[in-house]
Amino acid sequence: MQYQNPIIPGYNPDPSICRVGSDFYIVNSTFEFFPGVPIYHSRNLVNWELIGHCLTRRSQLELEGCRNSGGIYAPTLRYHDGMFYMITTNVTWKGNFVVHAEDIRGPWSEPCWIDQGGIDPSLMWDDDGTCYYCSTGTIDGVRGIVVFAIDPMTGQILSEKKVVSTGCGGQCTEGPHIYKINGLYYLMTAEGGTEYGHHETIQRSESIWGPYVPCPHNPILSHVNRKGYEIQATGHADLVEDQNGNWWAVCLAYRNFSHALLHNLGRETFLSPVRWTEDGWPVIGNKGYIDLTMDGPLPAEPLPVCHDIALDFHEPSLDPRMLYTRNPNPDHFELNPQAGSLTLHGTDVTISQPGASPTILSIQQPAFCTQVAATMDAGSSDARRAGISAYYNNDYHYDLYLSRDGERQYVGFTKSIHDMTVEIARVPVDTSSVRLLIDSDREKYTFSYQEDGKTPVVLGSGHNAGLSTEGTKTMTFTGTMFAMFAEEGKGVFRSFSVQVTENAREDLHAK
Ligand code: 6LW
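Note on numbering: residues in each chain are counted from 1, in written sequence order. The predicted nature of this model means local features are confined to residues of pLDDT at least 70 and side-chain atom pairs, given and counted, to a pLDDT of 80 or more, with totals for whole chains, interfaces and linings taken over all residues. Working from all heavy atoms in the structure, the side-chain values ignore hydrogens and water.

Student: Describe the site of the ligand, with residues and values.
Tutor: Surveying the vicinity of the ligand reveals the residues Asp14, Phe31, Tyr73, Ala74, Ile119, Asp120, Glu174, Thr194, His236, Arg267 and Phe477. Residues adjacent in sequence count toward polar contacts only when both atoms are side-chain atoms; beyond that, a polar contact is any pair of N or O atoms within 3.5 Å, and within protein one must be able to donate a hydrogen and the other to accept it. One of the side-chain nitrogen or oxygen atoms of arginine 267 is found 2.7 Å away from an oxygen atom of the ligand. Reported accessibility uses the Shrake-Rupley method at a 1.4 Å probe radius. Residues are deemed covered only where the shown protein chains occlude them. Computed on the free molecule, the ligand has an accessible area of 300 Å², of which 95% lies beneath the protein chains in the complex. Residues are sorted three ways: Asp, Glu, Lys and Arg are charged, Ala, Val, Leu, Ile, Met, Phe, Trp, Tyr, Cys and Pro are nonpolar, and all the rest, Gly among them, are polar. Each residue belonging to the shell around the ligand can be placed in one class, and the counts come to 5 nonpolar, 2 polar and 4 charged. Here, proximity means that at least one heavy atom of the residue falls within 4 Å of the molecule or strand.

Student: Residue-level account of the domain arrangement of the protein chain, with values.
Tutor: Where a domain begins and ends is set by an automatic assignment or by a domain database. On domain assignment, one finds that the protein chain holds domain 1 (2-295) and domain 2 (309-508). For domain 1 versus domain 2, the distance between C-alpha centres works out to 32 Å. On the side of domain 2, 39 residues touch domain 1, which itself brings 45 residues to the contact. Computed with a 1.4 Å rolling probe, the buried area is the accessible surface lost when two parts are put together, summed over both parts. Taken over both partners, the interface formed by domain 1 and domain 2 buries close to 3400 Å², and the fraction arising from carbon and sulfur atoms is 55%. Each reported salt bridge corresponds to a side-chain nitrogen of Lys or Arg within 4 Å of a carboxyl oxygen of Asp or Glu. On the surface where domain 1 and domain 2 come into contact, there are 1 salt bridge. The contact criterion used is simple: two residues touch if any of their non-hydrogen atoms lie within 4.5 Å.

Student: Tell me about the pairing of strand E33 (residues 396-405), residues and numbers included.
Tutor: Summary of the burial criterion: residues with accessible area below 20% of their type's maximum are buried, those above 50% are exposed, and those between are partly exposed, where the area comes from a 1.4 Å probe applied to protein chains only. What counts as a helix is a DSSP run of H or I of at least four residues, what counts as a strand is a run of E of at least two, and both are numbered from the N terminus. Of all 10 residues in E33, 8 are buried, a share of seventy percent or more. By this definition, two strands are paired if DSSP reports at least two bridges between them. Taken together, the 7 bridges between strand E32 (residues 385-393) and E33 define a ladder with antiparallel strand orientation. Its bridge partner being in E33, alanine 390 is matched across the sheet by tyrosine 398. Turn length for the E32-E33 hairpin, with the two strands adjacent in sequence and antiparallel, is 2 residues. One ladder, built from 10 bridges, connects E33 with strand E34 (residues 408-417); its direction is antiparallel. When the sheet's bridge partners are listed, serine 403 is paired in E34 with tyrosine 410. Connecting E33 to the next strand, E34, in antiparallel fashion are 2 residues, including glycine 406 with a positive phi near 75°.

Have a look at this one:
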């Protein structure tokens, strides 16, 4: 059966997958965004529904002062003996921890902190029920993959620690997962760093402590030598066997929006079938290549995929797909289901302020070609700025908003890149309702507004390159979000939608 990649588009990196019966679950890293670690559910590996988050309380996820792309790094999700476990790293606050829940939808426990540095922790259970931890780490000056026995309910370390591998020759050996398959321990890791050198390797041993022997056809997943192809930076994979005995890999990768080595959608989650060689080594995709369109023995019939969102704020609670930047103050987000409005109470914390929690709600941009539309109650909005934004982080965002200059109300359009903010347009409006629009494609974001059903007026555009991960002044791992925001006063929203407008699945670099 054919399916399209990415299966979870937009900034959803570092996927980890587990299966319970015929239910599959994937979690992703979330960095400075709150709530943390989304849980997606599927029965066919193609249609994924967000069913909640593991970290929904500040006591689980402290993000105060978190730098851009700090916070929550790669998670691992596992299920054992009636309990779900999610283990991850808060690089801004206390490091590695594990939470558990009997129900995948929560409530999840408070963090059980683990006395081990490094990132990318994972868990596995041996046949005798012993639970083992692995992550990156350094012991006696040797940096590699650290393994030890652990109590997953408490985080207590139960054995000596050992660096069991320094990888298969690449730099930045990380994202480890250990699997017990046919009596052997398979250690799969990402190497090369999460950019254009990213790739996946695997090795195996008769003991979890090693020595490990590398797969003869490593790397088992790599687009390092696929320059010019749209999908790049494949790596950080996790394996799962479906209920029919077919194996699958999920991994992160990104899609270049043009022939330039730039991506603005972030690292996304991709799916590939896996087959095993006669001598017991996995082959991912087409000998380590994955594609936008792939074929495989899916565990259930795929349904049409839709990544649109349309909010009219009549729902009793905010859509869980909308994320806050760092720990939010709930008082700043006032939902009125009866009136069908969302009032954002902006403070003096602007969306350009580093390490803060401005009044902003955002969702991942799911495709190159989209239309964002928001209707605002202009008469009730008195913020210095309130509107929508193509928002990467506080240093990189293109904003379209209502503002006031004394008694006059106007629509403004500004672009912020690095330490430069430029006001591109400021047009007076005299209306009770205004519709703000962002149209995106493989080249740029176009900003326009519409008064009371009149013809939309285009105010300008901003290039995708200005919101690309490669262009950020610090190392970042996220992707462009579409946001509603308010600064110094109220912004009253009546609707917010993101619609994918991509028609043909144009594969820019199709060979
Ligand atoms: C992730 C690690 C990585 O934890 O980036 O570059 C981190 N590699 O595997 C954030 O995605």
